[in-house]
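Inside the fold
Listed below are the residues making up each chain.
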Amino acid sequence: MSGCVFCGIVAGEVPAFRVADEADGVALLDTRPVFKGHVLVVPRTHLVTLADLPADALPGYFRLVQRLAVAVEAGLSAGGTFVAMNNKVSQSVPHLHTHVVPRTKGDGLRGFFWPRTRYADDAEAGDFAGRIAAALAEDGTVG
């Protein structure tokens, strides 16, 4: 897609520090990393959100993400990784991408990047769970 920085990187028109370039996607260093070694994994085709990723592309794409999570940990002697994806809100580039961030004990990153909250009670939690389950059942893929 014209003007998409990730499409430009995939096409080789925009420079990037590539970590992997495979049929299922391209992995590159984030230019503004949370920690050094922060990798972004993008599908080769322009898709905006996870919902846009075709079902037949899921296994290959997420296998690549999984391999990158292992490689970041092993290659950087990290204690683990944080793997995350934004869809629409806080998505700085409107092209599907998955963050693979190296983690070490005491690195200062606390849980998620945003404040956490609590449900008022079990009834409220049950209501949220029910609404999500109903939407999932409506998508036609639940048995």
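Details of the structure are given in the entry above.
Keep in mind that what you see is a predicted model, and the values were worked out from it rather than measured.

Thoughts on the nonpolar core
In terms of nonpolar packing, the biggest core is built from 14 residues, with A27, V39, V41, Y61, L68 and V100 touching the most fellow members. Breaking this core down by element, the ones donating at least two residues are β3 (39–42) and α2 (58–75). Discounting residues that sit within four places of it in the chain, Y61 has contacts with D24, V41, V42, P43, L53, M85, L96, H97 and T98. I9, V10, L28 and V42 belong to the second largest nonpolar core, which has ten residues in total.

Considering the sheet that holds strand β2 (residues 25–29)
Read across the sheet, five strands follow the order β1-β2-β3-β5-β4 without closing on themselves; strand pairing throughout is antiparallel. Each edge of the sheet is formed by a strand with only one pairing partner; in this case those strands are β1 (18–22) and β4 (80–84). The sheet shows a mean angle of 15 degrees between the axes of neighbouring strands, direction not considered. Both β1 and β2 contribute to a ladder of four bridges, which runs antiparallel. Within β2, the position partnered with D21 by the bridge is V26.

Section: α2
For α2, with 18 residues, the first-to-last C-alpha span of 25 Å sits near the 26 Å given by 1.5 Å per residue. Among the residues of α2, G60, Y61, L64, V65, L68, A69 and V72 are the ones counted as buried. Looking at the packing, one finds that the buried side of α2 touches β1, β2, β3, β4 and β5 (98–103). Within two residues after α2, S77 carries a phi angle of roughly 50 degrees, on the positive side.

Re a nonpolar patch on the surface
Residues F17, V19 and L29 make up a contiguous nonpolar surface patch of roughly 300 Å² in combined accessible area. For L29, a relative accessible area of 33% corresponds to the partly exposed category.

Let's talk about the side chain of T98
By the secondary structure assignment, T98 is in strand β5. On the basis of relative accessibility, which here comes to 2%, the residue T98 falls in the buried class. At a separation of 2.8 Å, a polar atom in the side chain of T98 contacts the side chain of Y61. If we ignore the near neighbours within four places in the chain, the residues touching T98 are V39, L40, V41, Y61, V65, V83, A84 and M85.

Details of the pairing of β2
Across the five residues of β2, four count as buried, placing the element largely inside the fold. Hairpin connection, β1 to β2: the antiparallel pair is bridged by two residues. As judged from the four bridges shared by β2 and β3, these two strands associate in the antiparallel manner. From the neighbouring strand, L29 faces β3, where its bridge partner is V39.

Conventions we followed
Residues numbered from 1 in each chain as written. Predicted model: local features only at pLDDT ≥ 70, side-chain atom pairs only at ≥ 80, totals over all residues. Heavy atoms only, no water. Core = buried A, V, L, I, M, F, W, Y, C linked by side-chain atoms within 4.5 Å. Buried < 20%, exposed > 50% of the residue type's maximum accessible area, 1.4 Å probe, protein only. Helix = DSSP H or I, 4+ residues; strand = E, 2+ residues; numbered from the N terminus. Contact = heavy atoms within 4.5 Å. Pairing = 2+ DSSP bridges. Axes fitted to C-alpha atoms, helices over the stretch in contact; angles between N-to-C directions. Expected span 1.5 Å × (residues − 1). Patch = residues over 30% accessible without salt bridge, like charges linked within 9 Å, V, L, I, M, F, W, Y side chains within 5 Å. Areas by Shrake-Rupley, 256 points an atom, 1.4 Å probe, with all protein chains shown as cover. Salt bridge = Lys/Arg side-chain N within 4 Å of Asp/Glu carboxyl O. Polar contact = N/O pair within 3.5 Å; in protein donor to acceptor, adjacent residues only side chain to side chain.

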